Amino acid sequence: MQTTDPTTPSAGTDWHARPAADVLQALHTSQQGLSPDEAARRLDQHGRNELPGTRPRHPLARFLAQFHNALIYFLLAAALLALWLGHGVDAAVIVGVVTINAIVGFVQEGKAEQALNALRAMLAPNARVVRDGDRQTVAVAELVPGDVVLLEAGDRVPADVRLLRSRGVLVDEALLTGESLAAEKREDPSDPKAALGDRHGMAWSGTLMVAGQATGVVVATGSQTQIGRISTLVGSVEALTTPLLRQINHFGRWFSVLALAGALLVLAFAVWVRNDPWTESLMMVVALAVAAIPEGLPAVITITLALGVRRMAQRHAIVRRLPAVETLGATSVICSDKTGTLTRNEMTARRAVTADGMAFAEGTGYAPEGRLVDAQQQPLSADSPARRRLLLIATLCNDAHLKAEGEHWQVDGDPMEGALLALGARGGCHASELTQRHPRLDEIPFDAEHRFMATLHDAGDDGVCVLVKGAPERVLSMCSHQLEADGSAPLHEAHWLAAIDEAASAGERVLGFAWRQLPTRPETFDFDTVTDLHFVGLVGFIDPPRDEAIRAVADCHDAGIQVKMITGDHAQTAAAIASQLGIAAQPVVMTGADLDPLDDAGLREAAWRADVFARTSPEHKLRVVRALQAEGAIVAMTGDGVNDAPSLKQADVGIAMGRKGTEAAKEAAEVVLTDDNFASIVAAVHEGRTVYDNIRKVIAWTLPTNGGETLGIIVAMVLGLTLPMSAVQILWINMVLAVTLGLALAFEPPEPGVMARPPRAPAAPLLSRFMIWRVGLVSVAFTIGMLGIFAWAHDVRGHDVAMARTMVVNAVCVMCVFYLFSVRYLNVPSMTWRGVLGTPAVLWAVALVAAAQLMFTYAPWMHLWFDTRPTGWLDNLITLVPGPALLLLLELEKAILRRLGWFHELQPPRAARQTA
């Protein structure tokens, strides 16, 4: 045995195109395998056949990451300043709110990313190899390039293997290619430019042997395998910040700079213009900072997201990372895998073609239920000789078995054979009965070389019968006649070729069926026996679209969301499914080979233009997602296989299938669908848009109330007036209202027409022009109300400062309550019966605020803590006046602005106007 180094993995990318003998020579091995010493040497050189794992972040690091936000930093700085000035209560409340916010985010985020570790589990624990001519069982981790491995049905392929010998091999490659059908394998070379799914001489690490036996030589192990390359892709993808987090971070930085500049200006004005003492001036700055900082905003936003997570879970979408809730609402493009996501991932025998005509099967999947109908959906009679013969062949020339698992039927064996059993049952041919009447005597198993399967059965008094199924062109070449209603007739090959083309144009896989009657059993059942056949007919198979997915695609289009299919399946099949789903009437299809020569600019143009991407590799999927993102799209990617993991992680929100999805896909995704239903994505988008609307309402309610407090203090300072509220009273207002009225907005139901509007632009600011206008208007209104109440109480009624401030605090709370009813509907009028009634959360919040203010005003201990006074009935009536006045002002504002058309946000969708 030579000990020369084998070719490096980079040079081995064309193993599929080399003859087997050349591969053995290039790897310096033979059919006898490596010697133990050489295997050990290569193990040292190439490393263990394992994928690198990920090191999870320490829980403390994940917790501290929750504080990484400009607004949070500013809040913590304000808390330190308050503590330094002796305002321990202020500091404690601010720190408490920030800590609660971090805890909620930490708990909701769940486990850290484990995609690479999940990929490791795809490798089998042991493998059968030939070393020095002896068969041995070794750990998969000890396999090296040049090892000769033995594979049979049921085995998980332990490494990337170039097949040396293949007998009837079918390999389930769905986790890599996305194809629902098992791939046929043979040992001859394939085209050098063949796509991954077309490299018939290769068996890929992690895939499953469905049928047959094979011998192969290992050409790549560990991270050099196809599944290892996916692992590397996953590791190279950087986690993206969600649109909301980008906006909040931008807002936090902008707000922090503005607040800091304002505080310095106020301090300078107090010290140098008014000549106030430093201590008193710093107290004013603290009051201003407490008024300006929306302490509860981060916590309320986090709680709003958490409530969205809970509601999505009720709609079969488990959110693994909290911000993904809002990202779904911003989604403008959904890139979906085909198999198992848009389709059922269950082969269905859709049509049966005989000389008697065409029959269609009702029902989908493997359930042996339904019937055969014609093109007008009328039941077909059971007396068609050709159709009965076709169903008999489909049922008997078959090695699969159907079994019920709960309400679902599963196939044990090849999916197409399982679909044939279901087809036979729908036509009245049940396997249990036919196998007893016509027991199998012999068989020629399917082989990729001769592309057919043949079985010999006892036909009773009629002797024996030969039943054949296989590739239709191959079966036709073995026939001289065809079976018709009145018996045998010469073969009309052109008719059958046209029927094959018709089925293929509908995206169907086709099998041909033939039959021959023999008077006696032949001495040997071989290829010479399978000649001079009667062609009986064709069966077309398809992995049918989910009915609910068709409706969901239509809903996406109504919501302005593009749907693109990215699949490893053949272009013709993918185009047919896309058309049936309604993605496009005539889908624009591009294959992986079409994408390869495109540069980044060309790919961006192609990504927008194409509806379907077929025969794609994991790299192609990743490039398409990145190209769409480069064009400004917010991309949601769905998938279930290992091949989807890199693009799931790259997408703005990755959505994995919970039932049929691999662990690698689930761990790479932000959202997992428990029902594997594309329609649940649309429900999640609806929920995401509602969450974003509610967050905007929280911001639209919080900033003007804080702005009014801030503006009131600034105006009082500039005019040399007594401050209308103390710092601790401002803190009381912010604390009480944030956890009651602010939080109530998190429970708001969706506004009418939420799915009738296009996705928001990714670059749209969190504070739109209308929001800025509203903040300014309401802040001025709050300032007028605060100073007006203080002046009436102090100057007109003659109350002391403590009494006047008590009335101002109550008036501010009243204005906040009425403003809440206005902000609940940003697009439509709020003064409706539905708007007045509110929601249970709103009514409870108002009741809690009323109770808190009664305690604030009349409880003796509150007088000590907050320097308040009990108010009389006339004073209480006066404090109620600003609330209704503010609501009327804002309703008039909305009506005028809507009529003028100044802000597009005030122009609700048509559906909203009809429903409101």
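Residues numbered from 1 in each chain as written. Predicted model: local features only at pLDDT ≥ 70, side-chain atom pairs only at ≥ 80, totals over all residues. Heavy atoms only, no water.

A.B. asks: Could you clarify how one ought to interpret the overall build of the chain in this entry?
C.D. replies: Per the secondary structure count, the chain includes 35 helices and 27 strands. Out of the 916 residues belonging to the chain, those deemed buried represent 57%. Within the chain, residue pairs in contact and separated by at least 24 positions form 72% of the contacts whose partners lie at least 6 positions apart. (Helix = DSSP H or I, 4+ residues; strand = E, 2+ residues; numbered from the N terminus. Buried < 20%, exposed > 50% of the residue type's maximum accessible area, 1.4 Å probe, protein only. Contact = heavy atoms within 4.5 Å.)

A.B. asks: Help me understand the packing of aromatic side chains in this model?
C.D. replies: Each aromatic ring pair is summarised here by two numbers: the centre-to-centre distance and the angle between the ring planes. Counted by the stated rule, this structure contains three aromatic pairs. On the numbers, 5.4 Å between centres and 20 degrees between planes, the contact of W732 with F856 is stacked. Here the residue W732 occupies a position in helix α27 (residues 727-744), and F856 occupies one in helix α31 (residues 840-858), the gap between them amounting to 124 residues. Taking NZ or CZ as reference, R389 lies 4.2 Å from the ring centre of W515, over its face. (Phe/Tyr/Trp six-rings, centres within 6.5 Å; stacked < 30°, edge-to-face > 60°. Lys NZ or Arg CZ within 6 Å of the ring centre and 35° of its normal.)

A.B. asks: Help me understand the sheet that holds strand β9 (residues 333-336) in this model?
C.D. replies: Consider a sheet: its strands pair through backbone hydrogen bonds, and that pairing is either parallel or antiparallel. Taken in spatial order, the eight strands line up as β8-β27-β26-β25-β9-β22-β24-β23 in an open sheet, and their pairing is mixed. Of all strands in the sheet, those with a lone pairing partner are β8 (317-319) and β23 (589-591), marking the two edges. Taking the axes of each pair of neighbouring strands and ignoring which way they run, one obtains an average angle of 20 degrees across the sheet. Looking at chain direction, β8 and strand β27 (residues 671-673) are connected through three bridges and run antiparallel. Looking across to β27, one finds that I318 is bridged to V672. (Pairing = 2+ DSSP bridges. Axes fitted to C-alpha atoms, helices over the stretch in contact; angles between N-to-C directions.)

A.B. asks: How should the packing of helix α14 (residues 385-396) against helix α15 (residues 415-426) be read in this particular structure?
C.D. replies: The relative placement of two packed helices is expressed as an angle between their axes plus a distance between the axes. Interhelical geometry of α14 versus α15 gives an angle of 140 degrees and a closest axis separation of 8 Å. Looking at the two axes, α14 sits oblique to α15. By crossing handedness, the relation of α14 to α15 is classed as left-handed. The residues of α15 that touch α14, namely those facing L391, A394 and T395, are L420, L421, L423 and G424. When the residues that make up the contact of α14 with α15 are grouped by side-chain class, the tally is five nonpolar, two polar and no charged. (Parallel < 35°, antiparallel > 145°, perpendicular 65-115°, else oblique. Left-handed = near helix turned anticlockwise from the far one by under 90°. Nonpolar A, V, L, I, M, F, W, Y, C, P; charged D, E, K, R; others polar.)

A.B. asks: Hey, could you run me through the side chain of Q853 in this one?
C.D. replies: Tracing the backbone through its elements, the reader meets Q853 in helix α31. When its relative accessible area of 8% is taken as the criterion, Q853 is described as buried. Beyond its immediate sequence surroundings of up to four residues, Q853 is in contact with W732, V809, N810 and C813.

A.B. asks: It is not clear to me how α27 should be interpreted in this structure. Could you clarify?
C.D. replies: Every α-helical turn comprises 3.6 residues, leaving residues that sit three or four positions apart pointing alike. With 18 residues, α27 extends 25 Å between its outermost C-alpha atoms, agreeing within 8% with the 26 Å of an ideal straight helix rising 1.5 Å per residue. At A738, α27 shows its maximal bend, which comes to roughly 45 degrees. In terms of burial, α27 is largely enclosed, as 14 of its 18 residues are buried. (Expected span 1.5 Å × (residues − 1). Bend = angle between axes of the 7 residues up to and from the residue.)

A.B. asks: Even after reading the chapter, I still don't get unusual backbone geometry, so can you show me in this structure?
C.D. replies: Backbone phi values are negative for most residues with the exception of glycine, while trans is the configuration of most peptide bonds. The phi angle at H28 is positive, at roughly 55 degrees, despite the residue not being glycine. For H28, the location among the structural elements is in the loop between α1 (20-26) and α2 (36-46). A relative accessible area of 24% means that H28 is categorised as partly exposed. Positive phi outside glycine occurs at D132, with the angle close to 55 degrees. By secondary structure assignment, the location of D132 is in the loop between β1 (126-131) and β2 (134-139).

A.B. asks: Honestly, the pattern of salt bridges in this entry has me stumped. Any pointers?
C.D. replies: When the charged atoms of two side chains lie near each other, side chains of opposite charge can form a pair. One pass over the full model with this rule turns up 28 salt bridges. Across the pair R774 and E893 runs a salt bridge whose closest N-O atoms are separated by 2.8 Å. Linking R774 in helix α28 (residues 769-796) with E893 in helix α34 (residues 882-900), this pair joins segments that are 119 residues apart in sequence. Across the pair, E893 and R774 agree in class, each one buried. K894 is paired through a salt bridge with E891; the nearest N and O atoms lie 3.2 Å apart. A residue pair is termed a helical-turn pair when its members lie 3 or 4 positions apart in one helix, as K894 and E891 do in helix α34 at three residues. (Salt bridge = Lys/Arg side-chain N within 4 Å of Asp/Glu carboxyl O.)

A.B. asks: Would you mind showing me how to read the environment of G460 here?
C.D. replies: Structurally, G460 is set in the loop between β16 (452-458) and β17 (464-470). Judged by relative accessible area, which is 47%, G460 ranks as partly exposed. A sequence separation of 21 residues divides G460 from P439, and the C-alpha atoms of the two residues are 9.9 Å apart.

A.B. asks: Just checking my understanding: could you explain the confidence of the model for the chain for this structure?
C.D. replies: Atomic detail in the predicted coordinates should be set aside for any region of low pLDDT. The pLDDT averaged across the chain works out to 82; a share of 85% of its residues lies at or above 70. Helix α35 (residues 910-915) is the least confidently modelled element of the chain, averaging 35 in pLDDT, while β17 averages 96, the highest of any element. Note that residues 1-12 has pLDDT below 50 and, in this model, 28 contacts with residues that lie over four places away or in other chains. Across residues 909-916, confidence stays below pLDDT 50; counting only partners more than four residues off in sequence or on other chains, it has 10 contacts. (pLDDT = per-residue confidence, 0-100.)

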